[in-house]
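What follows is each chain in one-letter form.
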Amino acid sequence: MLTAMIEDTRKEVVCGILDCFEELLDRLEITIPCADAEEEEERKMDDNSARLYGMEYWSLYEQLEDLLTQSFSTVPQNANALTK
C-alpha cells in the first residue's frame with residue numbers, strides 16, 4: 001500500500017533532502033545562523049560544522065515532513081493499480 005510505504009520512509013526521505021541541502025550549503029560555504037543566540041553559542045562551543053543547526057534544522061524538517069504528508073495524502077486510493 002502506497003500510504004504505508006510513505007509513512008515508513010518519510011523520515012528517511014526528509015533526512016535525505018536535508019542532507020542534500022546541507023551539502024549544497026557546504027559547497028557554497030553558507031552557514032545559516034541560529035535565530036536563537038543560545039543555540040548559536042552552543043553550536044560554536046561544540047565546534048559544530050553543520051551548516052543548518054538547531055531550530056532552523058528542525059523547522060525545515062517539519063516543513064518537509066508536512067509537505068510530504070500533504071502531497072501523498074492526496075494520492076488516489078487506486079494509485080497502486082497505476083504503478084503495476
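What counts, and at which threshold
- Residues numbered from 1 in each chain as written.
- Predicted model: local features only at pLDDT ≥ 70, side-chain atom pairs only at ≥ 80, totals over all residues.
- Heavy atoms only, no water.
- Phe/Tyr/Trp six-rings, centres within 6.5 Å; stacked < 30°, edge-to-face > 60°.
- Helix = DSSP H or I, 4+ residues; strand = E, 2+ residues; numbered from the N terminus.
- Core = buried A, V, L, I, M, F, W, Y, C linked by side-chain atoms within 4.5 Å.
- Buried < 20%, exposed > 50% of the residue type's maximum accessible area, 1.4 Å probe, protein only.
- Contact = heavy atoms within 4.5 Å.

Draft legend 1. Up close: the packing of aromatic side chains. One pass over the structure, following the stated rule, counts 3 aromatic pairs. The interplanar angle of 55° and the centroid separation of 5.3 Å between the aromatic rings of W58 and Y61 together place this pair among those described as tilted. Placement of the pair is W58 and Y61 together in helix α3 (residues 55-73), with a separation of 3 residues, close to one helical turn. Grouping aromatic residues by their ring pairs yields a cluster made of Y57, W58 and Y61.

Draft legend 2. Summary view of unusual backbone geometry. Residues other than glycine seldom take positive phi values, yet E29 does so here, at roughly 55°. For D47, which is not glycine, the phi torsion reads 50° and is therefore positive.

Draft legend 3. Looking closely at the nonpolar core. Counting residues in each nonpolar core, the largest one holds 6 residues, listed as V14, L18, L52, Y61, L64 and L68. Elements supplying a minimum of two residues to this core: α1 (2-27) and α3. Counting residues per element, this core draws most heavily on α3, at 3 residues. Discounting chain neighbours no more than four positions away, the residues touching V14 are Y61, L64, E65 and L68.

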